[in-house]
Amino acid sequence: MDIVQVAQRIADDVLFPAALATDASDVLPRELLDALAGAGLYGVAAPQQAGGTGADFAALCAVQEALATGCLTTAFVWAQHNGLVRALAEGGDPELTARWLAPLARGEIRAGLALAGMLPRPPLWASPGGGRIDVIHVAARAGDEIVWLLVDAAEGPSVRAERLTLAALNATATVRVTFDQLPVPAGRVIRRHPVSPGTAPEVLRLHSAFALGVAARCTRMLGPTPLDAELASLRAELDRLGPGTAAARAAAGELALRAASALMTTEGSRSLLVTEQAQRLAREAMFILVYALRPASRAALLDRLGAPEPG
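Criteria and cut-off values
Residues numbered from 1 in each chain as written. Predicted model: local features only at pLDDT ≥ 70, side-chain atom pairs only at ≥ 80, totals over all residues. Heavy atoms only, no water. Salt bridge = Lys/Arg side-chain N within 4 Å of Asp/Glu carboxyl O. Helix = DSSP H or I, 4+ residues; strand = E, 2+ residues; numbered from the N terminus. Buried < 20%, exposed > 50% of the residue type's maximum accessible area, 1.4 Å probe, protein only. Phe/Tyr/Trp six-rings, centres within 6.5 Å; stacked < 30°, edge-to-face > 60°. Lys NZ or Arg CZ within 6 Å of the ring centre and 35° of its normal. Expected span 1.5 Å × (residues − 1). Contact = heavy atoms within 4.5 Å. Polar contact = N/O pair within 3.5 Å; in protein donor to acceptor, adjacent residues only side chain to side chain. Axes fitted to C-alpha atoms, helices over the stretch in contact; angles between N-to-C directions. Parallel < 35°, antiparallel > 145°, perpendicular 65-115°, else oblique. Left-handed = near helix turned anticlockwise from the far one by under 90°. Nonpolar A, V, L, I, M, F, W, Y, C, P; charged D, E, K, R; others polar. Pairing = 2+ DSSP bridges.

What follows is about the pattern of salt bridges. Under the definition given, this model contains 17 salt bridges. Residue Glu230 is joined to Arg258 by a salt bridge in which the shortest nitrogen-to-oxygen separation is 2.3 Å. Note that Glu230 is positioned in helix H7 (residues 227-239) and Arg258 in helix H8 (residues 245-267), a separation of 28 residues in sequence. Judged by its relative accessible area of 29%, Glu230 falls in the partly exposed class. Arg258 gets classed as partly exposed once you look at its relative accessible area, which sits at 30%. The shortest N-O distance in the salt bridge between Glu254 and Arg258 comes to 2.8 Å.

This part covers the packing of aromatic side chains. Applying the stated criterion across every chain yields a total of 5 aromatic pairs. Centroid distance Phe76 to Phe287: 5.4 Å. Interplanar angle 85°. Geometry classified as edge-to-face. Taken together, the residues span a long stretch of sequence, with Phe76 in helix H4 (residues 72-89) and Phe287 in helix H9 (residues 277-290) at a distance of 211 residues. The residues Phe76 and Phe287 share a single accessibility class, namely buried. Both rings, one in Phe76 and one in Tyr291, keep their centres 4.9 Å apart while their planes meet at 80°; by these two values the pair is edge-to-face. Of the two residues, Phe76 sits in helix H4 while Tyr291 sits in the loop between H9 and helix H10 (295-304), which places them 215 residues apart along the sequence. Taken together, the ring pairs in this structure connect Phe76, Phe210, Phe287 and Tyr291 into an aromatic cluster. The aromatic ring of Tyr42 is capped on one face by Arg110, whose charged end is 5.1 Å from the ring centroid. Just above the ring of Phe16 sits the side chain of Arg217; from NZ or CZ to the centre is 4.0 Å.

Moving on to helix H5 (residues 94-106). Between its first and last C-alpha atoms H5 spans 19 Å; for 13 residues at 1.5 Å apiece the expected length is 18 Å, and the two agree. Listed in full, the buried residues belonging to H5 are Leu96, Thr97, Trp100, Leu101, Pro103, Leu104 and Ala105. Buried positions along H5 lie against H4, strand E1 (111-114), strand E3 (135-142), strand E4 (145-152) and strand E7 (189-194). Measuring from the side-chain oxygen of the N-cap residue of H5 to the backbone nitrogen of Glu95 gives 3.1 Å; that N-cap residue is Asp93. Directly after H5, the chain includes Gly107, whose backbone phi takes a positive value near 80°.

Here we take up the packing of H4 against H5. Interhelical geometry of H4 versus H5 gives an angle of 140° and a closest axis separation of 10 Å. Taken together, the axes of H4 and H5 lie oblique to each other. Of the two possible hands of crossing, H4 and H5 adopt the one that is left-handed. Facing H4, whose interface residues are His81, Leu84, Val85, Leu88 and Ala89, H5 presents Leu96, Thr97, Trp100, Leu101 and Leu104. For the contact of H4 with H5, the per-class residue count stands at 8 nonpolar, 2 polar and no charged.

Take the environment of Val159 next. Looking at the secondary structure, you find Val159 in strand E5 (residues 159-163). Sequence separation of Val159 and Asp26 is 133 residues, and the distance between their C-alpha atoms is 22 Å. Other than its neighbours up to four places away in sequence, Val159 contacts Ala154, Val177, Thr178, Phe179 and Leu182.

Here we come to the pairing of E3. Along E3, 6 of the 8 residues are buried, which leaves the element largely enclosed by surrounding structure. Across 4 bridges, E1 lies against E3 in parallel orientation. Counted as the bridge partner of Ala114 is Val138 from E3. Where E3 and E4 come together, 8 bridges link them in antiparallel fashion. If you follow Ala139 over to E4, its bridge partner there is Trp148. The hairpin turn running from E3 into E4, its antiparallel successor, is 2 residues long, and Gly143 in that turn takes a positive phi close to 65°.

Encoded structure:
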């Protein structure tokens, strides 16, 4: 069984049956993350010599989509960890990689993410917390560069965390983190690169995998509809990673929203009950519609929704 099949089996047999309970939880149950680690999914982006699977980018996207079909909360927390694994595996500082990659790939150390330094305006520093992570993969500005750092996930005089209440994925225990003159040793610098005005197609493709996963679960619950062909076509378009990836990322979010709306409409008023999967999927679709939305994707999405930006 390949790693994508493993991820889909866990999504169907472990994550989806627990998804409503997870959604209602204050913090994501640790046993769900343990199940992913036990199946080798914490090392999807790591090479085999570091204890990973050596999966390529296409397989990584497919795994992320598969997990999102089961429970977006769990998939989201897993993806934050996976970002650090991928960064180290694809050119992180050699000493940091030698020390951290293998235990991260095994899930012995687990990571969150803070992307504030990537944003051009005053940002929201956020990472999954709740005692489920050990380190934070932090992007910070240094002049005209983005510096990626490895920071311990612990509050102190220079690190403060404020729990946020979310309409969806609240069990991620997402927090607003404030760093105030936190000293970071040079040995914790993973990599640095110039600030880019755009977003890499690969990043947009990974973000889209969440939307595709939610849409795929909705279409499975709906049964055969024209949405199936639309989903397959959009997935193929995203896999090409061309200049239109930003627009395709917007289309993925809009498709997930339509698929979830169709599911709720099919099930009728009972879909409003918190015991029903349809309402959870609709809130997840709302989340991924706006999560990490970049300017080009935002403009494309507003156009699809019939509300283009002024000017």
